[in-house]
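# Results of the structural survey
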Amino acid sequence: MLEPRPSTVSGATDPIPQRSTVAMFLPGRPSLLRSTALISILISLIGLVACTASEDSTGRTGTAACATPGITETEIKAGVLFPDTGPFAHSMRAFRAGIDARFGEANAAGGVNGRKIVYSWRDDVSDPQLNLAAARELVQKEEVFGIIEGLGAVSGSAQYLADLNVPIVGLGAEPVWAAHENMVSWHHYTVPAGSSTVWGDFIRGEGGTRSAMVDVALNAAVHDYHRQLVDSLQAAGVSVDINFEVTAETTSFEALARQMKAANIDTLTGVITPDVLTQILPAARAAGVNLKTVLLSLGYDRALLTDLGPALAGTNIYISFVPFELNTPAHQRLLAAMTRYSPQTQPPEQESAVFGWLSADLFLHGLQAAGACPTHQSFLQGLHSVHDYDGTGLLPKPVDLAKNRGQLGNCYYFMRISGDGSHFVPLQSTARCGNLIN
């Protein structure tokens, strides 16, 4: 059993309980007092009905403190699931910091309807079975209202949480996000079928013609993403000549480098984590492989440059939000909140911090739309009624949350690690979009 790791974000102001006062009806007093007493009683009854009329997702009638788990008179409790350890941990290390920043900002402004937002979290190690076990703990033991999910193994708990209609918000990195109405994301990275030309067009524009696809073999989601990339490259006239899966038993990349040389590979892409890429690139150079372009889906992280920047020089990375280098008011707001509520995260300009911030912001949007006594259903209906979600200004364009479920994200900013590995260089000032492939 996973150990509970509760967390709260400081800055909320607890509401002052308000009580209705009912005038006592006394015989012999003026009729005005009697009328006032009657009006006060009616107001109290109306208030009681308003509080008790709400229902949770199972149809149970609520109370003044709200019947839905995770909702008290002073707090709303979320659950957070993400890989704090395991293969994707390096790409998610600032996820909680982004959540802390957004919830901290909200709590400092009074929370949602006077309630402070707190959360408990679990590490799923990018393992679907551990993801399911952790979700059960958060729901049954911690009694959270909803779940914020990070990257990796959401498929493990998706059906369990869907059966309970527990709201899930977060990074739509797996096709399962398209399968359940209780799962809401601002961007779907993978879908069960179809692709986009956006990745193939970029690689072809860089001069790529023959590619090697290298994937960190973790779960079915990686294979779906692999399929999308293959379809995109082939639509742009880029052949896929090598498919290679990195496993726990992979200790050397010399054999892969020799295959790449023999096949005249000029492009390297796939679901590769930066730490694995830093092992492949030296082997490829030693074998005489002439790479025209390398394209990653993860790694936009200034902290990464400190550790691996020189080894990754010239590598391209695509991201689904406006890059920090453009320094918009939205970035300044996020960075100010990071400095105040998660100062331990340095540097704060990390991709996973943005993912955490956006996930927490979606959670707040759902609560704000759900009313004074939120239920699972009112939360989800509220989110699905948002037609212009802009992620506090961090998204390339507004998203219609009523229609985007199952729609593949098609617009990205492409970034390049500078020649000395010290910084990222945006390759355009606006997002680059492709055409959807059915």
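That block above? That's the structure.
The model shown is predicted, which means the values in this text are computed figures rather than measured ones.

So, on to unusual backbone geometry. A cis amide bond, omega -15 degrees, links Gln 346 with the succeeding residue Pro 347. Among the structural elements, Pro 347 can be located in the loop between α10 (329-341) and α11 (351-370). Backbone geometry places Val 125, a non-glycine residue, at a positive phi of 55 degrees. On the basis of relative accessibility, which here comes to 27%, the residue Val 125 falls in the partly exposed class. Here Glu 143, not a glycine, exhibits a phi torsion of approximately 55 degrees, which is positive.

Turning to empty space enclosed by the protein, a few remarks are in order. All told, the structure shown has two cavities of 30 Å³ or more when counted by the stated rule. A volume near 260 Å³ is recorded for the largest cavity. In this structure, the largest cavity is lined by 18 residues; those nearest its centre are Leu 151, Ala 173, Tyr 225, Ser 297 and Leu 298. Where the lining of the largest cavity is concerned, the elements lending two or more residues are α6 (220-235) and α11. Counting residues per element, the lining of the largest cavity draws most heavily on α6, which supplies three residues. Mapped onto the domain boundaries, the lining of the largest cavity takes at least three residues apiece from domain 1 (75-189 + 326-410) and domain 2 (195-325 + 414-437). The calculated volume of the second largest cavity comes to roughly 80 Å³.

Counted as a void, the second largest pocket has a volume near 470 Å³. Of the residues contributing to the lining of the second largest pocket, the split by class is 11 nonpolar, 10 polar and three charged.

So, on to the side chain of Thr 190. For Thr 190, the position within the fold is in the loop between β6 (183-184) and β7 (195-196). A distance of 2.9 Å separates a polar atom in the side chain of Thr 190 from the backbone oxygen of Ala 173. Polar side-chain contacts of Thr 190 include one of 3.4 Å to the backbone nitrogen of Glu 174. Setting aside anything within four residues of it in sequence, one finds Thr 190 in contact with Gly 172, Ala 173, Glu 174, Pro 175, Ala 221, Tyr 225, Gln 228 and Leu 408.

Turning our attention to the packing of helix α3 (residues 128-141) against helix α4 (residues 155-163). Running from N to C, α3 and α4 point in directions that differ by 35 degrees, and their axes come no closer than 6 Å. Across from Pro 128, Asn 131, Leu 132, Ala 135, Arg 136, Val 139 and Gln 140 in α3, the residues of α4 making contact are Ser 155, Gly 156, Ser 157, Tyr 160 and Leu 161. Among the residues forming the contact of α3 with α4, the class breakdown is six nonpolar, five polar and one charged.

Another point: the packing of aromatic side chains. The geometry of two aromatic rings is summed up by the distance between their centres and the angle between their planes. With the rule as written, the count across this model stands at 20 aromatic pairs. Seen from their ring centres, Tyr 300 and Phe 324 are 6.2 Å apart, and the 20 degrees between their planes marks the pair as stacked. Within this pair, whereas Tyr 300 is found in the loop between β11 (293-296) and α9 (302-308), its partner Phe 324 is found in the loop between β12 (316-319) and α10, the two being separated by 24 residues in sequence. In terms of burial, Tyr 300 and Phe 324 fall into one category: buried. Plain terms: the ring middles of Tyr 318 and Phe 414 are 5.9 Å apart, the flat faces sit at 40 degrees to each other, and that makes the pair tilted. Taken together, the residues Tyr 318 in strand β12 and Phe 414 in strand β13 (residues 411-417) connect sequence positions 96 residues apart.

Rules used in this analysis
Counting of residues starts from 1 at the beginning of each chain's written sequence and follows it residue by residue. Given that the model is predicted, a residue must reach a pLDDT of at least 70 before its local features are reported, and side-chain atom pairs must reach 80 or more before they are shown or counted; all residues, however, enter totals for whole chains, interfaces and linings. The side-chain figures draw on all heavy atoms in the structure; neither hydrogens nor water molecules are used. A run of DSSP states H or I qualifies as a helix once it reaches four residues; a run of E qualifies as a strand once it reaches two. Both are numbered from the N-terminal end. Note on classification: 1.4 Å probe, protein chains only; a residue is buried when its accessible area is under 20% of the maximum for its type, exposed when over 50%, partly exposed between these limits. Think of a 1 Å grid over the protein atoms and nothing else: a 1.4 Å probe that fits but is trapped marks a cavity, an open set flanked by protein within 12 Å on at least five of seven lines marks a pocket, and residues with an atom within 4 Å of a point count as lining. Grid points are joined across faces, edges and corners, and a volume is the space filled by probe spheres set on the points. Domain start and end points were adopted from an automatic or database domain assignment. Classification used: nonpolar for Ala, Val, Leu, Ile, Met, Phe, Trp, Tyr, Cys and Pro, charged for Asp, Glu, Lys and Arg, polar for all others including Gly. Polar contact is the term for a pair of N or O atoms within 3.5 Å; when the atoms are in protein, one must be able to donate a hydrogen and the other to accept it, and sequence-neighboring residues count only if both atoms are side-chain atoms. Contact criterion: two residues are considered in contact whenever any of their non-hydrogen atoms come within 4.5 Å of each other. Axis lines are fitted to C-alpha atoms, over the contacting stretch for helices. Their N-to-C directions set the angle, which ranges from 0 to 180 degrees. Each Phe, Tyr or Trp ring (for Trp, its six-membered ring) is paired with any other whose centre lies within 6.5 Å, and the angle between the two planes then decides the class: stacked below 30 degrees, edge-to-face above 60, tilted in between.

Read these as geometric descriptors, not functional statements.
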